Structures are given as C-alpha cells and as structure tokens.
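Coordinate analysis (summary)
So the chains spell out like this:
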Amino acid sequence: MDHDFEEVSCIPHPGPGRHSLPTAVTALAFDPSQELLWTGNQFGRVMSFYGRDFQRYTSYKGHTSEPVKQILFTDKGVLSISAKSIHLASRKGLTQWHLTDDNFRELHCMSFTSKGTNEVLVAGRQATMFKVDLEKGIITETLPAEDNYTIMKKGGQYICAANDSGAIHILDSNTMKIIKIWQAHSGFINDMDVKSDFIVTCGSSPRQQMVFMPDGLANVFDLKTLQPLPPIPFQAGAAFVRMHPRMSTTSIVGSINGQLQVVDIMNPNAVSLIKQVNVYDTNMITSMEMAPSGEALALSTSHSQIHLWGSPSKINFTEYHNETVFPDQVVPHAPMDWSLDTPLNTIGIPFYREVLLSAWPSHMVFDLGAPPVKIDPAFTATLKRSEMGHYGPNPRKTRRNQIASTREVDKTTSIAAPKFLHEKMRDAARASGGEADARRINDAVDLLNDLALDGTTKKDVPIIYRNVEIKYSKFGVDDFDFEYYNRTKFSGLETHIVNSYANPLLQLFRFTPIIRNLGLHHTATACLFDSCLLCELGFLIDMLEKAAGQNCQATNFLKTFTSLSSAMSLNLLEEHSPNTPLTVLIQSVNRFLLEKFSQDCRQMDPTRKIEQAVSTKMTATIRCQHCTHEQVQSQDLYYHELIYPPKPMTRSSRSPPRPTFSQILKASVERQEQTRGWCSRCRRYQQMTQRKQVQQVPAVLMINTMIQNGDARATWATPGWLPQEIGIIAGNGQFFCYEGEDLRLHIQRGVHNVQVLELIGVVADVNSGENQRPHLVSVINVSPSSLNHSATDEWHLFNDFLVRQIPKEEALRFDPSWKLPSVLTYQIKLASHQIDDSWKQRLDTSILYKMWGPIQDDTQTPLRPLNPRTEPPLPGTLCGIDAEFVSLQAEEIEIKADGQRQTIRPSRLGLARVSVLRGAGIDADVPFIDDYICITETIADHLTKHSGISPGDLDRGISRHVLVSLKVAYKKLWLLLNLGVVFVGHGLIKDFRTVNIHVPKRQVVDTVELWYDKSKVRKLSLRFLCWVLLREDIQMDMHDSVEDARTALKLYRKYLEYVDAGVFQRQLEWVYKEGAKFKYKVPERDGEGSNSLGVQGMGTPGRVTPDMGNRPGSRGTSGTGITGGDGGDGPRSEVGTPGRFGRGGGLGMGFGGSPMR
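Residues numbered from 1 in each chain as written. Predicted model: local features only at pLDDT ≥ 70, side-chain atom pairs only at ≥ 80, totals over all residues. Heavy atoms only, no water.

Brief notes about the UniProt feature "binding site: a divalent metal cation" (unreviewed entry) in the protein chain
- Those places that UniProt annotates as "binding site: a divalent metal cation" (unreviewed entry) correspond, in this numbering, to Asp882, Glu884, Asp991 and Asp1044. A maximum C-alpha distance of 12.7 Å among these annotated residues, which run over 163 residues, shows that they cluster at one spot.
- Structurally, aspartate 882 is set in strand S45 (residues 878–889).
- Excluding its chain neighbours within four sequence positions, the residues that come into contact with aspartate 882 are Arg913, Val914, Ser915, Asp991, Ser1041, Asp1044 and Ala1045.
- By secondary structure assignment, the location of aspartate 1044 is in helix H20 (residues 1041–1061).
- On the accessibility criterion, aspartate 1044 (4% relative accessible area) is buried.
- The contact partners of aspartate 1044, leaving out residues within four places of it in the chain, are Asp882, Glu884, Leu1022, Ile1034, Gln1035 and His1039. (UniProt positions renumbered as here; feature names shortened; annotations may be inferred. Helix = DSSP H or I, 4+ residues; strand = E, 2+ residues; numbered from the N terminus. Contact = heavy atoms within 4.5 Å. Buried < 20%, exposed > 50% of the residue type's maximum accessible area, 1.4 Å probe, protein only.)

Side note on the environment of leucine 506
- Position of leucine 506 relative to the elements: it lies in helix H4 (residues 503–510).
- Exposure remark for leucine 506: the relative accessible area of 1% places this residue in the buried category.
- Leaving out residues up to four positions away in the same chain, leucine 506 has contacts with Leu493, Leu537, Leu540, Ala554 and Phe557.

Structural notes on the environment of leucine 787
- Note that leucine 787 resides in the loop between strand S41 (775–781) and strand S42 (795–799).
- In this view, leucine 787 contacts His833 and Ile835; residues no more than four positions away in its chain are not counted.

Here we look at the sheet that holds strand S14 (residues 149–155)
- Ordered in space as S14-S15-S16-S17, the 4 strands form an open sheet in which the pairing is antiparallel. Looking at which strands have only one partner, the edges of the open sheet turn out to be S14 and strand S17 (178–183). Along the sheet, successive strands turn relative to each other by an average axial angle of 20°, direction set aside.
- Pairing analysis gives 5 bridges linking strand S15 (residues 158–163) to strand S16 (residues 167–172), with the strands arranged antiparallel. Each bridged residue has a counterpart across the sheet, and for alanine 162 the counterpart in S16 is isoleucine 168. (Pairing = 2+ DSSP bridges. Axes fitted to C-alpha atoms, helices over the stretch in contact; angles between N-to-C directions.)

Okay, here's the thing in structure tokens:
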C-alpha cells in the first residue's frame, strides 16, 4: 500500500431493480483473473462490477432469499454459498449447476482441498461437512465436523477453519483430520486471512457485563512451526485483516470505525502507514478485501456502500488479467420521420407471393402422428428406479404388434368430473348465497338424473357403474368434491391407493353385522400386533361409521395388507399380478382375509369367535381307490366355491330346467373330488376320492361364484336367479338348501330346524366399456346393519367413492356382457340389526398410561404419561394435538400440450411423529404422547424444515428417539377418540386425513377455523396467529409438533377469552388488518436480534419475538396491561397478550390500532 492511497470510488450497493433500494453486502471478493469485484447480498443475489468506476457487469439470483456467505473463483466461473445451497455460475451469469441437500442446514464457509479448484470443502454451523466435486456439482463425501465453522481459508497443505468460540482448527487438506487447535480469542473470530505460512486473526472477547468488544490485538500464527507469534497491537480494535498478496509479511488491519494500518508481521510494533476511511456517525465497516494485485482495497459499510481505495495513478485488480467479454452493442434503427402523411408502404413488411400456410384448404390438412398411449397408473406404481430411468415387468395386455388407436374418441358417456372446491367457492363468492346453494343442488340433481336407470332390461352400462377417477388440482386431493358423488349417509372409499381394488370387499365386511361386531370388539382389546388385519378392519369400520357419508380411505388397512409376505407370495398384490383378472384376485383375497382374521382373533381370544361365525364345520372322508382304505378328517372351511353342472347332452328339443341357486350351492358344499394323496395302507401315493359332509353351518356364509365359462355366465343372466333368502337344514352329515316357495313351506311346517340366511351383498366385476379398465363394485343391502328393526330393504351401489341407492331389481340383475358377481355374503337372519357397541365400554386403555422405552428424567423431557387414577380421559377432555409427516413417494405430474400442469398421483405422506398434550389441569400443555413412528419403507423426503424430522430419526438402528410402530401410535389416537376427548389443533382436517382417522366435528377444535373470517378467502397460519396474538415466534428453523400443539391450545384459550369479553369479532377483523399489513407473514428478524418493529421480544426464551404492546401509537406505557375504568392497571394476560378485563371493568388494548384499545 503506497502513501498516496486514497478513496477512488464509492457507490451504493444496488438492488435487483433499476429503482430498488440499496442492499447490504454480505460477501465481497476480487476476481483473480479479470478486472471484476464480486459481491453478494442478503437476498441471494450475486453481482459484479468492472474496473475502478464500478461499472455493473453481471447480476443474477444464485440463492433463494438467503444471504450469500462466501464467494470463490474457478476457471469455469464463480462459486457462491448460502446457508442451504451452493451455486456455480459463469462470469456472464449463466448457471452451471445448483446444489441443495436436506443435510444443508446452516452452511457458512468453504475452501479448496488438496485437489485444487476441482474440489471444495463446505462447512458451517452444523455437525457435518461435505466434499463437493466442482466438475459434476455433486457431493462426493460427507464428513463429521468437529465443531461449528464460520470461516475457512487454505494455507499450504492445511485448511484453517475458525469456529464460533474463538479457536482455529488446522485441518489436513487430504484427510480432513485436525492437526492443531489454536485458541486465538476468548470470544469469537470476526475475520481471518492466511497467506504463505502465516495466519492472522481478528476477534472479540467478553468485557464487562458479558459485552463482546473487538480485541486490541491481531493474533499471528506460524503454520511452519505450528506455534503462535507475537501479536499485532491495534488500539482502535482489530476487526478486519488482509495479508498483502505480494509482500508475504505485510498485513493491513482495519477497525469497524474505518481506521487502517499497514504492519509488518515480523516487526509488529512498527506501523508503516495509517489511513482513515470516510465513515461517520452510525456508518461502520462490515467487510474488507484486498485485490490480487495489491493495488486496490475494497470495503463495504453498514449503509450498503462499497468504497474502493487505491493509488489514483495506478490501480488494477489483477496483474495479468484476461479480457472481459461485454455484450454486443445494439445497433439502433435508422431514424424515420413519421406523420399522418407518411405512406404505409415505407414500412418494411415482407410481401408474400404465395398463400399463407394458415390459409390452406381443410382437405389438404392431415393428421401427422398420434398422441402417445396413456400409461396405466397401476403399471407405473410397479416401476423400479435405475440409472437410466425406470423399468418394470411387461404387463402384456395387448397382442404382439398390436397398437392402440389413440385417435379414437370414446363415444360412451362417462361421469363428468365436478368443479374443484376452490372453484366453487370462487363462484359462490361472486353469486349470492341463495343462488350458489341452488346452483350446487341443481348440479347434483342433474347428475343424479343423468345416472337414472332405465329398467332391469337395460343392456348399456349405466354411468354409475363406470370408472370414477379423482382429479387433482394444485391444492391436492382435498380440493376434490367427493360430495358430488355421494349424497347418502354411507361413506365411500377412495381409489388412489395401491391395491384399492379390495375396497368393495371391505365395504361388504363393514355391512355384515357379525363381522362388524367381531372386528370392533377385537380392536378394543390390547392387541398390538403390527400385522393384525382384524384390528385394521375394526379401525376402518369405526372410521366409516363415524364419517357418515364423508369420503374415507383404507390407507392403513391396505398398507398392512401390502406388507404381509404371505399376501405377496400368493400374488394378491396388483403390482405382482398385473394380468390377473380382478375377479380372480378378489376371490383369492376373500379366502386370504377370512383365514387371516381367524388367525388374528386366536392371538387374543382362545374361544375362536371368528371361526364359529364364518367357518363351516365339515368332515372329509378320504378313500383310496386302490385298497378302499378310508380315513376321516375334520375341517373348517371359511368359504365355499360354486361348481356349475355341465350342460346335459340330450337330443330332445326341450331343454332341461336350469338348476336353481340352492341346488348348485348344495352340490358345491357336498362336492366329491378326485385327488392324489398318500395312502397309509398302500404306503404310496394313490388316487383318492374325497367326500365332504356338513356338521354345522356358520352364521356368515361367504361364497366365491367361480364363473369361468359361458354356461355359468348364462346361468347368472337369468332374471331373479339369485335369491335374497335361503334356508339350510344341516346336521349329522346332511345338508339341504331351499329357496323361494320351498323355503316358505318348510318354515310353515316347522318340522325341521331351518336356518334362514339373507343376502347381505355382492361384489361384482364390471366391464364398463371398451376403453375403460374393468373394476369391482359392491351392491349391498344396508338394512340388516341398521338399528331400526322395522327397516325395509335398502340396496346401495358402492363404486369406490360413488355411493348411490338403487332398486333391489337392479342390484340383483346381472349381465354376462358387463356385470357378473364375484363374492356373495349371506348372514343368518336372526343376526340382522344386532349392532353390538358394548366394545366402547370395554376399551383396553392401558396403552395410554405406558412410557415407551426407558424412563427419562422429568428435567430432561416434558413428556409425562397420564395417571390412570387422576387423569383418565373423559368425554369433553381437551387435548392439544399435532402431527408431523414425511414424504414416502413424490407426486407424479404430467405436462399437457398447452403447458398446463396436471397431477397424476399425489405425493404419499407417512406419519412420522404425533404429539398429544393435556389441555387443562395442573400439567396443562405437558405432553403425554410424543411418539416417533418407525418407518421401514424408503423415505423420499424427510421434509425436515416442515416436519422437524431428520434423516435417521425414524430408523430403529440409528435413531436417538424411542420409536413405536404405526399401529401403537394410531391406537392411542383411536382410544382417545372413542373416549370422547376433544382435540385442539391447527389444520387438523389434513392431519387426520393423512393419519387415516375420522374425528367427528363435535370432537374437533380447529384454530384455523376459529380464527377465520368467512368473508375472506385466506386462512391464517399458526405462526402468524401466534406472532400477532401471543407475541411469540415459533417454527423458527423447523416445525415441532409439541410446540405447535401447545400454541394451538393457547390460541383456543385466547379465543375463549375474547368471546367471553364479547369482542372476538372486532379482534378478528383487527388480526386480518394486521395480516394485510404484513402480508400475512411474520417479519424476518435483522442481524442484531430485534424484530421488524424495532422492539426487543418478550416471548419464548432464546427467541426474538415482537412486543406488540410497545408499538408506536399504542396507548399507555405498560403495553400489555389492561386499563380499568378508574385508570388503574389491570392484571396481565396469562399468555402475555391483552384482552382481559381490568379491575375497573373497562377494557384496554396494547396493540396499536386494535379495536380493543
């Protein structure tokens, strides 16, 4: 630095726009190969300036609204880093690559490694460091960090890293191991530079009252001897330091007030030059950088200015710089006089001698190519990822060389998808309330009229039987209008779940009273087996009954079903059986589930109630055809499969009468089979004859129709062939079955004990069109499952989430061309209307009072299980709740030809954490449930910022939390639900939907609805409500379910407080006014720990929260006090916010502009 060094230029650091305000400089660096000075601001923008006049060169957004921490340079471009991303761009501003990762939490610094400019080491205030390949833009290695690092510089074979406690870690640039730790300062290090073999640091140390002040010494360390050298005295307080690039022992030390000194490290007491930067009053130096040539010094100030110092006669940023490429100059158009008299032919418009392409006749326009074949979503769900894309088994649904005609338009009508809910809300806001309601009702009536059936002889497929599909908007599946398809009090099941083809069978179980009662009674026991499908069936039935017409989904049941290895080995999963007909699949699932229910029941109940209810007690007589040896075995058969007699070969012109259903059922139950088995007398395998005899008939008869040929289809096509009631006489190896008039006569005689069974429902296979996939529906008589004993038959069609009441004749009508039965369910008539809800009084609640894992000290964790004697959950008990989720599968989208984005399959979320807090009492706001759920399947995204779940938290092998299964966490919530507690939370509708539980509205207090003005479209976030009403900042870095649930409870109490005072509506209007003022977002805090209002926070310890009471314009000095009518100070609000009555009965308000003032 020469003696004629002085300020050459000073400019404000520009913002992104031409007229935008200056922005703060967060990073400053000289380009080593060009005459450019590079800067970064707090909004993630990187800019460069050319030459001594600071001519603007490039400006680009490198990071998303995060301060740029550091800038490095390579041959390919400029490398910048922010807290959560790394960006490489060319010097012209074009992005080379952008790297983000879930493990990037708070990055601060980076340095080149031993591989030169091909690799960089990235670190920050977090537990991990990363090696990044600059050629590919990928993370090559993740390393544990010994400390939180804020500054990194490379010196020789070492990487010098400064931590936030004043120490320098000297790392080996190859192994990244710590070679030496040097405690340079007792506080923190503000700046550091490394050149040749020396480290020079500036830092701060605590003074009186723990106030940190800059040290009066710049400390020096020798990298050769790894020993400290005498420090450099600097009375003004050393804040910044840079080593001279051409003089190895010369350094420039600066203070925040602008004093600069040039000092020789080897002779620190001799100061060669002192300069003063032009900064005054509140303006301070924030960073300093020396040019590679040593001829220029750049400084940034707190007033968003950049100062350039150097010798006016000679100032270059680099000694040998490359030529800087500037954009080409735009050649202006030749000037032209323009007036009303100027002829238009002087304008250079081309003259066309041929007819334009758009004017060609229609007979010369031809279709070229064809739209691609739409891939079946069931096939895409089975795809596996590889390096070059995805692959999966060929479904082979077409013949060889057969091509689907994608230009053919499906002429068959289908159910038109309704408008999305947000579209209907927008239309309703435009129209009056009465018109909107009438329009909605008319839309539904028009739909139901279109779905009308034209009698029992109709050959065309009715629209209500066709495929229904969920459409997705930008708001996801919650925006779909399911009510458009279902106006009944019976809930349907959604279809966007894997293996949802089983939905009709699950509905059939739900409306069979005996199976329904057994499932719920089993669920109420202490069963905690993860693979128990009977528990999942009970959960599902309870949810469907509580929903009372609202759509549900069998997510947990199908997830458990899919995870069973036995189901996979039997090829019951769609992904493993893409070509298997749905009829065959659903009949196999029926066999599997009945046997699985019996196994699950035996684990908790030795009386085997399921077996007694659904299994037919039989004896099988097996006879060897070679030696006539017989052996008798007892069997329990959970299902029966129909066998149809072959068509008789006769020459008579009169065809024999078709067998009745009861005759075919009798022949199927007492069938004789030819098998090959082991003969104990012949001691070899022989041909065997097996004959079965019925000993006892179950209360529920499950029948697989097994329609496999044309004769069987023709049999079912006979009108009225399937009886609604059958009578069975069984015992002593005899089995007789009657229907119709025969049944009525046997009942009238009363000679035999006739068991009358009535048809509950049918699972039918529907082939609804040439261009539509076959699917399954169920037609069910809902009357036997009602409590009303005088109820008449009510047949309903359950086509997934479309539910419609239909006539009995339509329900029992079958057509070989499009509708055939797959599964039948008969139940003993005496069990109709026998709905047993005594399980609600016999709930095993012991799981609620257990502490999972090792007992922890109360001082370390606030979790405290309920006391069964003093804290039993009772109806009306308030409980705060919040849940966190992780993404198990990313959403699948499709870009249409017009550029619109359409969601094919939404993202699939999984429950990761659930917390339930006490809502009242001595331990109010203390959690008694805080479960982390073990997830075994692959997690696509931990959503750490929104869930607070980090990688490894849900892995049993490495998690630091006590993990529980999804079954345990779900059962706790289910027990609380049925005990009648009231859940308080924010945005609970989506949480309960993802958890797969339905909570009645009377048991839900949702603060997003409490603090919602129906005249506004926007609903308010939990964080904003907490900031405005409670003066607390939450969700600062990531979400925490305990914190969110506790905040929801506070907001509910605040709501009750305002309602009691009679000012809630005015307060709500004020909240929305404040929201409009701050754009419904919590203002960001500045670097000095003050909020946007300039007031120190009084909220959560360790956080900066706004003290709304001391805002300018508010009355009084206490801010949060309530002023009484006599001028006295009222009591302070329990949550630190205004809104309570004072002693004088008046009502004060600490918020400026609030109606409570």
